[in-house]
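# Topology and contacts: notes
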Amino acid sequence: MSLPQNKAAEVKPRAFERFVPVDHTRVAFDGGFWQSWSETVRSVTIPTQHRRLEEEGFLEVLDFEKPPSPLVRPIQPSGLSMQHFFDSDFGKWIEAASYTLKNHPDPDIEAKIDAIVERLEHGQMPDGYLNSWFIRREPDKRWTNLRDLHEMYSMGHLIEGAVAYFEATGKRRFLDVMIRAVDHIIDTFGTEPGKLRGYDAHEEVELALVKLYRLTGDPRHLKLATYFVDERGRMPSYFDEETRRRGENPADYVYGTYAYSQAHMPVRNQTQVVGHAVRAMYLLSAMADLAYENDDPSLKHACDRLFDNLIGRQLYITGGLGPSASNEGFTREYDLPNTTAYAETCAAVALGLWSHRMAQLDLDSKFTDALETILFNGALSGISRDGEHYFYENVLESHGQHRRWKWHYCPCCPTNIARFITSLGQYFYSAKRDEIAVHLYGANTAELEIQGQFVRLRQETSYPWDKDVLLALGLVAPTRLTFRLRIPGWCRNARLWVNGEQMDLGASLEKGYAVVNREWVDGDEIRLTFEMPVERLYAHPAVGEDAQRVALKRGPVVYCVEETDIGTEPQRLRISADTNLTPRFDETLLGGAVVLEGEALEADAEDWGPTLYRNRPPSLKGRTFKAIPYHLWANRDEGAMQVWLTEK
Ligand SMILES: [Zn+2]
């Protein structure tokens, strides 16, 4: 079979705008904010994650010829062991590593991936089935519990890994293994007589199948993804039927409601983002993909409604989402506790996946604003500055009990943030016909072809630390192009110049993007200035946790105060409404970052006395304080941290 280059790149008449992301391999971070992060992830995170996978026994599951070792992750009340989905972790690692290989060939990493692929191929069942847990431990229980055991979720991550590895190396062994696995799923599931009419409770395979379809062009791959999304939430529930077949009672379901898996009603009817946050974001990413590929406005409308619900009522200021540990997800609207925020790194990454997909369908800066928010805050906080320590939960307040870890009991997050950063270039630009959309700002050089013309775009900027962005064009011949430049939603004073001539931004703005259409020549320059004063932000009154609290933000970066900088718990500070806050670039802070400095009051414990309570408030003493970017917290000495500061 020959593989078309990229199905998504074909221009077809569509109901939606249909931008195509510029491939990440065409965008180089040559300086600036993302260079050091992407270098760290490539040179430190990727190799250390493979070491962890080995040390922690994740790759042992591929010893198909040996009897399985005793469980290292016991079975939970739901019937799930974390080991059920170990395949997903090395699948995601392969994906993350593959994204680095085209521009940075690494024979050692490639050999490690080939070794995993060989073992997977060896273990694959003759009918194409591929899941190491069931093949080795419970072969008679294949496809008997889609509600709890993540079978297709794991396959989905292997499919994404296989697509990325093929695209990076041209080696198709892994891809062929996964195409056979998908053939098996097609033979097993669907509406046709004799097939199981099920779908996995943990979404992921759906968006993986769309990726596979974009590579193979095989309509069966798209049809299967469409079936899974259309089938979800149909009543009577497949999960009830499947549970009864196992001789169990559906009423005993440990999570109580299929809203946990967004399977409580058909997806097009859903009006509130519910349940497990990562599942929700993967489902919504797949819905956006299918709206795009199938030209399906009903899915787009559902996504729009759910996006507005999430952004308007359920998202932390950092872009974190899913406040509760009990369901790893959403509770009631406006429930955004700080100290117990679950806000899983994977969920923030997955919001990035979804919002980016939405922007290709409908170029509206509300989507790319969300992408930028998670990028500089709630997703990036999931990885340490040294590239080998992580957060699973991204709290907005701590008394020092939260520390980054080398590896997690459930290590879904490290490989997720890794694959996001190693493929980051694709989030910066999209193109369609004679249009180029610029979604994100940060120093980089991108090369693309548009209508047969070579275009080089070079962003010179210290964004997000500095307000100025220079976009220089390299062209072989004069070319008429439309640039669509995102004006960040947080920016209240943006200016735009083309070759030194200031443009009227108000007149050129469409859905948050400044539109500039003209004939361009080599060496043309676009200058953008995004004034970024320190902003004091307040939460909706329904967010009781944040009453009388203020959060500090500058540009897209949310700030926090850490005990290590102020010598006391930030919970004792009182920030007055008229405090001057001064930004300063601190080159000694973790590779360099803008910090905020200002005056505050500190509740004094010295004259309080021995009692826990008294009839007078504490005395307040004046002092200075410093705030650092939230994504950099917990990289230095242990201690307390606070995003929402008490306002005096
Ligand atoms: Zn995770």
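Further up the page is the structure itself.
As the structure is a computational prediction, the values presented were derived from the model and not from experiment.

### Let's talk about the overall build of the chain
Each helix and strand in the chain was counted, giving 16 helices and 23 strands. What you see for the chain is a C-alpha radius of gyration of 25 Å, in line with the 26 Å of a compact globule of 648 residues. In the chain, which comprises 648 residues, the share counted as buried stands at 62%. Long-range pairs, those at least 24 residues apart, make up 72% of the contacts in the chain with a sequence separation of at least 6.

### Brief notes about the sheet that holds strand β5 (residues 435-438)
Across the sheet, which stays open at both edges, the six strands sit in the order β1-β4-β5-β9-β13-β12 with mixed pairing between neighbours. On the outer flanks of this sheet lie β1 (20-21) and β12 (509-510), each paired with one strand and no other. Bridge count between strand β9 (residues 479-486) and strand β13 (residues 513-520): eight bridges; the pairing is antiparallel. Pairing of L485 across the sheet is with A514, part of β13.

### So, the coordination of the zinc ion
Looking at the metal site, the zinc ion is ligated by E344 (OE), C346 (SG), C412 (SG) and C413 (SG), spaced 2.0 to 2.3 Å from it. Around the zinc ion, the four donor atoms are arranged such that angles at the metal cover 92 to 122°; this shape is classified as tetrahedral. One chain supplies every donor to the zinc ion, and in sequence these donors are spaced E-x1-C-x65-C-C. With E344 in the loop between α11 (297-313) and α12 (345-361) and C412 in helix α14 (residues 412-422), this residue pair connects regions lying 68 residues apart in the sequence. The same class applies to E344 and to C412, which are both buried.

### Notes on α14
Among the 11 residues of α14, 11 are classified as buried, and the element is accordingly described as predominantly covered. Buried within α14 are the following residues: C412, C413, P414, T415, N416, I417, A418, R419, F420, I421 and T422. Turning to α14, the residues buried within the fold contact α1 (33-55), α2 (86-101), α5 (151-169), α10 (277-294), α12 and α13 (365-378).

### Describing α11
The end-to-end C-alpha distance of α11 is 24 Å, a good match for the 24 Å that 17 residues give at a rise of 1.5 Å each. When α11 is considered as a whole, its buried residues turn out to be L299, K300, A302, C303, D304, L306, F307, N309 and L310. Against α8 (219-231), α10, α12 and α13 lie the buried residues of α11.

### Some details on the packing of aromatic side chains
Per the stated rule, a full pass over the model turns up 31 aromatic pairs. Pairing F33 with F376 gives two aromatic rings, centres 5.2 Å apart and planes at 70°, and the pair type is edge-to-face. With F33 in helix α1 and F376 in helix α13, this residue pair connects regions lying 343 residues apart in the sequence. Measuring from ring centre to ring centre gives 6.2 Å for Y463 and F530, while their planes differ by 75°; the resulting arrangement is edge-to-face. In this pair, Y463 sits in the loop between β7 (453-461) and β8 (468-475) while F530 sits in strand β14 (residues 525-530), placing the two residues 67 residues apart along the sequence.

### Regarding the nonpolar core
Within the largest apolar cluster, 215 residues are counted, with the highest numbers of intra-cluster contacts made by M281, W354, F483, L485 and F625. The element that contributes the greatest number of residues to this core is α10, accounting for 13 residues.

### Thoughts on the side chain of D362
Inspection of the secondary structure assignment puts D362 in the loop between α12 and α13. You can call D362 buried: its relative accessible area is 11%. Here the side chain of D362 touches K300 through a polar contact of 3.1 Å, side chain to side chain. At 2.7 Å, the side chain of D362 forms a polar contact with the side chain of K511.

### Description of the environment of T226
Note on placement: T226 falls in helix α8. For the pair T226 and M287, spaced 61 residues apart in sequence, the C-alpha separation works out to 8.7 Å. Dropping the residues within four chain positions of it, T226 is found in contact with L290 and N294.

### Observations concerning the sheet that holds β8
As summarised here, the arrangement of the seven strands in space is β2-β6-β7-β8-β14-β10-β11, forming an open sheet in which the pairing is antiparallel. The sheet terminates laterally at β2 (27-28) and β11 (501-502), the two strands that pair on one side only. Taken together, the two bridges between β2 and strand β6 (residues 444-450) define a ladder with antiparallel strand orientation. Counted as the bridge partner of A28 is T445 from β6.

### Observations concerning the packing of helix α7 (residues 205-216) against α8
Orientation of α7 relative to α8, taken along the N-to-C sense of each, is 160°, at an axis distance of 8 Å. Between α7 and α8, the crossing angle belongs to the class labelled roughly antiparallel. Like other packed secondary-structure pairs, α7 and α8 cross with a definite hand, here left-handed. Contact with α7, carried on its side by V205, E206, L209, V210, L212, Y213 and T216, involves P219, H221, L222, L224, A225, F228 and V229 of α8 and no other residues of that element.

Rules and cut-offs
- Residues numbered from 1 in each chain as written.
- Predicted model: local features only at pLDDT ≥ 70, side-chain atom pairs only at ≥ 80, totals over all residues.
- Heavy atoms only, no water.
- Helix = DSSP H or I, 4+ residues; strand = E, 2+ residues; numbered from the N terminus.
- Rg over C-alpha atoms; globule rule 2.2 N^0.38 Å.
- Buried < 20%, exposed > 50% of the residue type's maximum accessible area, 1.4 Å probe, protein only.
- Contact = heavy atoms within 4.5 Å.
- Pairing = 2+ DSSP bridges.
- Donors = N, O, S within 2.8 Å, 3.2 Å for Na, K, Ca; no water.
- Tetrahedral: all angles 85-135°; square planar, octahedral: opposite > 155°, others 65-115°.
- Expected span 1.5 Å × (residues − 1).
- Phe/Tyr/Trp six-rings, centres within 6.5 Å; stacked < 30°, edge-to-face > 60°.
- Core = buried A, V, L, I, M, F, W, Y, C linked by side-chain atoms within 4.5 Å.
- Polar contact = N/O pair within 3.5 Å; in protein donor to acceptor, adjacent residues only side chain to side chain.
- Axes fitted to C-alpha atoms, helices over the stretch in contact; angles between N-to-C directions.
- Parallel < 35°, antiparallel > 145°, perpendicular 65-115°, else oblique.
- Left-handed = near helix turned anticlockwise from the far one by under 90°.

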